[in-house]
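# Chains, contacts and geometry: an overview
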Amino acid sequence: MTTYGLLIFDGAEELDFVGPWEVFTASSMLRDDVDTAVLISERSGPVRCGKGMRVLPDHTFDDHPPLDVLLVPGGPGARETEPYNPVVTGWIAKNAEQVSWVSSVCTGAVIMHAAGPARGRRVATHWSYEDTLEARGDVTVVRDARYVVDGNLITSQGVSAGIDSALWLVGRLHGVEHARAVRRYLQYDPAPPYLADEPVVG
């Protein structure tokens with residue numbers, strides 16, 4: 001049995017945790033529902049996410065079950081408030097010592113750095129915050145990988161890259177064939193209709 005704990009907070013980027021949530025819960029479904037995914041927040045009551053979605057946590061810092069995986073999303077709250085919230089960074093630091101895997105998506109790496117688990121490690125984050133994170137020091141930002149695994153720390157670039165890292169993780173936990181089955185169930189086969197980074201032809 002694997003218990004996934006996904007941290008949520010005001011200003012969390014929705015897809016940063018909803019994408020991995022879909023992977024983790026689909027994985028559990030294909031394993032006869034033996035695993036659990038829970039949303040955890042500092043306080044009870046609705047959380048207002050970065051794009052306006054309101055979400056209710058399942059647990060607070062005081063009453064959640066023991067975790068095997070801890071995931072921290074990005075978003076404006078991950079950059080502007082939570083790195084400076086000692087309750088959140090202290091909770092992350094404590095749980096990072098107890099779980100098997102620690103993961104962040106997008107600028108969740110900024111909170112991970114503030115809390116400690118990302119310090120001295122190789123990490124990925126959203127492309128527009130790579131310089132900002134690197135300027136904090138004691139971290140190596142990898143700029144050409146959608147996700148980076150350094151020991152038991154998995155960090156990923158923005159939004160959809162969190163799905164990639166979550167699929168990698170369920171493959172590591174429960175086997176590559178299982179991860180492929182999860183990917184197929186989700187019909188996760190990205191084919192963007194427009195390429196934003198097409199080279200300019202002169």
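Now for a look at the structure at hand. Keep in mind that this is a model prediction, so the values were computed, not measured.

On to the pairing of strand 6 (residues 69–72). The alternating pattern of strand 6 places V69 and L71 and L70 and V72 on opposite faces, both of which are buried. Bridge analysis of strand 1 (residues 3–7) against strand 6 gives three bridges, and the strand direction is parallel. Counted as the bridge partner of L6 is L71 from strand 6. When strand 6 meets strand 7 (residues 101–105), the two strands line up parallel, connected through four bridges.

Moving on, we get to the pattern of salt bridges. Per the counting criterion, the structure on display carries nine salt bridges. Here K51 and E13 are joined by a salt bridge, their closest N and O atoms 2.7 Å apart. Linking K51 in the loop between strand 3 (47–48) and strand 4 (54–55) with E13 in the loop between strand 1 and helix 1 (14–30), this pair joins segments that are 38 residues apart in sequence. With a shortest N-O distance of 3.4 Å, R143 and E130 are connected by a salt bridge. Taken together, the residues R143 in the loop between strand 9 (140–141) and strand 10 (147–150) and E130 in helix 5 (residues 130–135) connect sequence positions 13 residues apart. On the basis of relative accessibility, which here comes to 38%, the residue R143 falls in the partly exposed class. Residue E130 is classed as buried on the basis of its relative accessible area, which comes to 6%. Here the salt bridges do not stand alone but share partners, grouping E130, D131, E134 and R143 into one network.

This next bit is on the packing of aromatic side chains. Here the structure, examined in full by the defined rule, presents four aromatic pairs. Relative to W91, the ring of F61 lies with its centre 4.4 Å away and its plane at 5°, an arrangement referred to as stacked. Highlighted residues: F61 in the loop between strand 5 (59–60) and strand 6 and W91 in helix 3 (residues 86–96), separated in sequence by 30 residues. The residues F61 and W91 share a single accessibility class, namely buried.

Conventions and cut-offs
Residues numbered from 1 in each chain as written. Predicted model: local features only at pLDDT ≥ 70, side-chain atom pairs only at ≥ 80, totals over all residues. Heavy atoms only, no water. Buried < 20%, exposed > 50% of the residue type's maximum accessible area, 1.4 Å probe, protein only. Helix = DSSP H or I, 4+ residues; strand = E, 2+ residues; numbered from the N terminus. Pairing = 2+ DSSP bridges. Salt bridge = Lys/Arg side-chain N within 4 Å of Asp/Glu carboxyl O. Phe/Tyr/Trp six-rings, centres within 6.5 Å; stacked < 30°, edge-to-face > 60°.

Note that all results are geometric; they support no functional claim without further evidence.
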